[in-house]
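Descriptive structure summary
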Amino acid sequence: MTENAAPLARLSPSIAMVAGETSGDLLASLLLDGLQARWPEASAFGIGGPQMQQRGFEAWWSCERLAVHGYSWEVFRRLAEILNIRRQLRQRLLKQPPAVFVGIDAPDFNLGLEADLRAAGIKTVHFVCPSIWAWRADRVEKIRRAADHVLCIFPFEPELLARHGIDATYVGHPLASVIPLQPDRAAARRRLGLPEDGLVLAVLPGSRRSEIRYLAARFFQAAALVRKALPAIKIVVPAVPLQLDELRRIAQESGMASSLHIVRGQSHDALAACDVTLIASGTATLEAALYKRPMVIGYNMHPWSWRLMRGKQLQPWVGLPNILCGDFVVPELIQDAATPQALSAAVLQWLQACEHSPSTVEALVQRFTALHHELRRDTAELAAHAIEKIIAPTAA
């Protein structure tokens, strides 16, 4: 490398990125904001989604191509396609090396790719520490081989990684800066065309195709039971564009087509507008916590996937709000427990608390507010600074 290479890298580095699904697209788009503020002429390319593309990201493949669910049948069915994409991407990046590769979540796809790129001398950063504290302790060695640096979204993770010789920086959770500390429920309801008064339930059955397959029908059946008990309730269902038609079909089959207000996107508006949410386990549950909303977490997957996952579980909680609070602050109904009857009963309990036991809801709001403050950092700036040190350690 010439003596001028580092300053040039700082002015206009080429940044390869892979975001594996809708939540990764959001995280990566926020990271791009910080990178572009630091390097306005930087180029970014790889695998991403619409929010990344709005920021000038060149998507060689859509992140939807990588969105799979579970450990077994769903993955095996599309394994050849995913491996082919990774092979083509690896060859392209090895032929024209970027200044840095940033893998956003998607550890099953990204860690192996990062290890290969790092072995070839390309700097690698992994954004979002894999949940080695919850599910996959066996991934520690993979992370050590794969990443020059890990950007952590939870405060306890850098110390955990340091014990294993892995460099890391806590950058806060990007969503904690995007979501307001005091959401405007009335404004969100106006944007969604919902009345300002009365109870609203938000139903979020996930963004992946397989989540829709395993969760949407039972969530809609649970919503039907809630509506039977509370006929005046409004039910809003935010849908990622690619799943909109499928959700409408399932709503029709569930006899709920006329009772559900299905909207394109607007998941944050739905969470801000609702009193309670019935929600799939995943990043969306943290979003619901940051919106300070009572929730019922549900999940269901292929039985084989569930057996494999249970064997790797290290904590009694599945939902992120419960993991971060270290307690069952909201109910979780997973796999066989996630029946429409059980889901609806748990939702109704929260709805009744909203009307008759406001102190119960307020206690949850206070807990989630404390969590929000703990996660709120200038993520874009902190992440960009950490990446700058990786690209040009002597100049940063």
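In the nomenclature of an unreviewed UniProt entry, the chain corresponds to Lipid-A-disaccharide synthase from the organism Delftia acidovorans. Per UniProt, the chain carries the Sequence similarities (unreviewed entry) text "Belongs to the LpxB family." Quoted verbatim from the Function (unreviewed entry) field of the UniProt record, the comment on the chain reads "Condensation of UDP-2,3-diacylglucosamine and 2,3-diacylglucosamine-1-phosphate to form lipid A disaccharide, a precursor of lipid A, a phosphorylated glycolipid that anchors the lipopolysaccharide to the outer membrane of the cell."

Some thoughts on the side chain of Asn110
Tracing the chain through its elements places Asn110 in helix α5 (residues 107-119). By relative accessible area, which is 0% here, Asn110 ends up buried. Ignoring sequence-local partners within four residues, the contact set of Asn110 consists of Val18, Phe101, Gly103, Ile104, Asp105 and His126.

Concerning the pairing of strand β1 (residues 14-19)
β1 sits mainly inside the fold: five of its six residues count as buried. Inspection of the sheet shows β1 paired to strand β2 (residues 43-48) by five bridges, in the parallel sense. Each residue of the ladder has a partner; that of Ile15, found in β2, is Ala44. Taken together, β1, helix α2 (residues 22-38) and β2 form a β-α-β motif whose crossover is right-handed. Sheet topology note: the β1/strand β4 (residues 100-104) ladder contains five bridges and is parallel. Residue pairing for β4: Ile15 is matched across the bridge by Val100.

What counts, and where the lines are drawn
Residues numbered from 1 in each chain as written. Predicted model: local features only at pLDDT ≥ 70, side-chain atom pairs only at ≥ 80, totals over all residues. Heavy atoms only, no water. UniProt positions renumbered as here; feature names shortened; annotations may be inferred. Helix = DSSP H or I, 4+ residues; strand = E, 2+ residues; numbered from the N terminus. Buried < 20%, exposed > 50% of the residue type's maximum accessible area, 1.4 Å probe, protein only. Contact = heavy atoms within 4.5 Å. Pairing = 2+ DSSP bridges. Right-handed = clockwise from strand over helix to strand, strands pointing away.

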